[in-house]
Amino acid sequence: MGEPTLENLLVGEVKLEKEFEKYLSKLTCRGCYNYCNLNSPNCGRSLVFIKDAKEKFKEGKRVESKKRE
């Protein structure tokens, strides 16, 4: 395979973003009593939970790609 093109990189980023949104929709914020989904939070307290979820998501993707190698 040759060098990745900008188009392929952008398509990959969009795909990852959609996967992350789906991942967030399965998680609940624990910042207050509302327990909103992290993909549609109602307050700023969710930011720390979203950041944590993004780190876990990225780590899962790293592990997944290592398994393929």
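Check the entry above for the structure.
Quick summary incoming for the structure in this document. (Residues numbered from 1 in each chain as written. Predicted model: local features only at pLDDT ≥ 70, side-chain atom pairs only at ≥ 80, totals over all residues. Heavy atoms only, no water.)

## Some remarks on the overall build of the protein chain
Across its full length, the protein chain carries two helices and zero strands. Taken over the C-alpha trace, the protein chain has a radius of gyration of 15 Å; the compact-globule value for 69 residues is 11 Å, which it surpasses by more than 25%. Its C-alpha atoms give the protein chain principal-axis dimensions of roughly 50 × 25 × 15 Å. The buried share of the protein chain, reckoned over its 69 residues, is 14%. A separation of at least 24 residues holds for 36% of the contacts in the protein chain among residues at least 6 apart in sequence. Accessible area for the protein chain stands at about 5,900 Å²; split by element, carbon and sulfur atoms hold 54% of it. Between the averaged position of the 15 positive side-chain charges in the protein chain and that of its 11 negative side-chain charges there is a distance of 7 Å. (Helix = DSSP H or I, 4+ residues; strand = E, 2+ residues; numbered from the N terminus. Rg over C-alpha atoms; globule rule 2.2 N^0.38 Å. Buried < 20%, exposed > 50% of the residue type's maximum accessible area, 1.4 Å probe, protein only. Contact = heavy atoms within 4.5 Å. Areas by Shrake-Rupley, 256 points an atom, 1.4 Å probe, with all protein chains shown as cover. Lys, Arg positive; Asp, Glu negative; His and termini not counted. Charge placed at Lys NZ, Arg CZ, Asp CG, Glu CD.)

## A look at unusual backbone geometry
Positive phi, normally seen in glycine, also occurs at Y35, with a value near 50 degrees. Tracing the backbone through its elements, the reader meets Y35 in the loop between α1 (6-25) and α2 (46-68).

## Some words on the pattern of salt bridges
With the rule as written, the count across this model stands at three salt bridges. Between D52 and K56 there is a salt bridge whose closest N-O contact spans 3.4 Å. Placement of both D52 and K56 in helix α2 is noted, with a separation of four residues, approximately one turn of the helix. Relative accessible area serves as the criterion here: at 30%, D52 is assigned to the partly exposed category. The closest approach of N and O atoms between R62 and E59, which form a salt bridge, is 2.8 Å. In this pair, R62 and E59 both sit in helix α2, three residues apart, roughly one turn of the helix. (Salt bridge = Lys/Arg side-chain N within 4 Å of Asp/Glu carboxyl O.)

## Some words on the nonpolar core
With seven residues, the main nonpolar core is built from F20, L24, C29, L38, F49, A53 and F57. Every element with two or more residues in this core is listed here: α1 and α2. The element best represented in this core is α2, accounting for three residues. If we ignore the near neighbours within four places in the chain, the residues touching A53 are F20, Y23, L24, L27 and L38. (Core = buried A, V, L, I, M, F, W, Y, C linked by side-chain atoms within 4.5 Å.)

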